[in-house]
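Each chain, letter by letter, is given below.
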Amino acid sequence: MTRPDRDERRQRILAVVDSIPHGRVATYGQVAREAGLGRHARLVGKVLSELPARTALPWHRVVNAAGAISPRAGDSPSLQRRRLAREGVRFTTAGRIEFARFLWRPET
DNA sequence: CGGTTGACTGTTT
DNA sequence: TAAACAGCCAACC
């Protein structure tokens, strides 16, 4: 089997993000592994950073391994936080998400 | 071909 | 608990 090209990797990543259930979160590394891309957490971040602003994809359900919203170049992460809060995802006073309650655990 | 970048992560201070 | 460090690797230049 040939190594997936750039577009295919991107498509796999987007498909995984799209499958994260409402009210749950996944880490960048988790998305990469689910997409069959091993240690490409950073690639996941790169792909998400290029999404159009109006996308219907639930990109806000992807957080870092510390359970926090990763800082990014442009705007503030408050939008992501609001979207998660609206889905019932709670944050600790330290601004972290409790994986014990909200981490997505895909079956099989 | 070589160096830099980065919505990352696990380990060590 | 938090910051620093080191490892990571595709994408870009």
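Just so you know, these numbers come straight off a predicted model, no measurement behind them. (Residues numbered from 1 in each chain as written. Chains lettered and ligands numbered in written order. Predicted model: local features only at pLDDT ≥ 70, side-chain atom pairs only at ≥ 80, totals over all residues. Heavy atoms only, no water.)

Side note on the overall build of chain A
If you tally the helices and strands in chain A, you get five helices and two strands. Starting at the N terminus and ending at the C terminus, chain A contains elements arranged as α-β-α-α-β-α-α. Taken over the C-alpha trace, chain A has a radius of gyration of 14 Å; the compact-globule value for 108 residues is 13 Å, and the two agree within 12%. Along the first, second and third principal axes, the C-alpha set of chain A runs to 45 × 35 × 20 Å. The contacts of chain A with a sequence gap of at least 6 include a subset with a gap of at least 24, amounting to 60%. Accessible area for chain A stands at about 7100 Å²; split by element, carbon and sulfur atoms hold 50% of it. Here chain A contributes 21 positive and 10 negative side-chain charges, whose respective centroids are spaced 6 Å apart. (Helix = DSSP H or I, 4+ residues; strand = E, 2+ residues; numbered from the N terminus. Rg over C-alpha atoms; globule rule 2.2 N^0.38 Å. Contact = heavy atoms within 4.5 Å. Areas by Shrake-Rupley, 256 points an atom, 1.4 Å probe, with all protein chains shown as cover. Lys, Arg positive; Asp, Glu negative; His and termini not counted. Charge placed at Lys NZ, Arg CZ, Asp CG, Glu CD.)

As for the protein's contact with DNA strand C
Around DNA strand C, the surrounding shell consists of Arg 3, Arg 6, Arg 9, Arg 39, His 40, Arg 42 and Leu 43. Backbone atoms, meaning sugar and phosphate, form 80% of the atoms of DNA strand C found within 4 Å of the protein. Interatomic distance of 2.8 Å between a side-chain N/O atom of Arg 39 and a phosphate oxygen of DNA strand C. Taking His 40, its side chain carries an N or O atom lying 3.4 Å from a sugar or linking oxygen of DNA strand C. At the level of secondary structure, the elements contributing two or more residues to the surface near DNA strand C comprise α1 (6-18) and α3 (41-49). Split into classes, the residues belonging to the surface near DNA strand C amount to one nonpolar, one polar and five charged. (Near = heavy atom within 4 Å. Polar contact = N/O pair within 3.5 Å; in protein donor to acceptor, adjacent residues only side chain to side chain. Nonpolar A, V, L, I, M, F, W, Y, C, P; charged D, E, K, R; others polar.)

Things to note about α1
An ideal rise of 1.5 Å per residue puts 18 Å on 13 residues; α1 measures up with 18 Å between its terminal C-alpha atoms. Arg 9, Ile 13, Leu 14, Val 16 and Val 17 are the residues of α1 that are buried. Mapping the buried residues of α1 onto a view down its axis gives an arc of 160 degrees, with all of them on the same face. Contacts made by the buried residues of α1 are with α2 (28-34), α3 and β2 (62-63). Capping of α1 at its N-terminal end is provided by Asp 5; its side-chain oxygen lies 3.2 Å from the backbone amide nitrogen of Asp 7. (Expected span 1.5 Å × (residues − 1). Buried < 20%, exposed > 50% of the residue type's maximum accessible area, 1.4 Å probe, protein only. Arc of directions from axis to C-beta.)

Here we look at the environment of Thr 55
If you trace the backbone, Thr 55 turns up in the loop between α3 and β2. Residue Thr 55 is classed as buried on the basis of its relative accessible area, which comes to 19%. Among the polar contacts made by the side chain of Thr 55, one reaches the main-chain amide nitrogen of Leu 57 at a distance of 3.1 Å.

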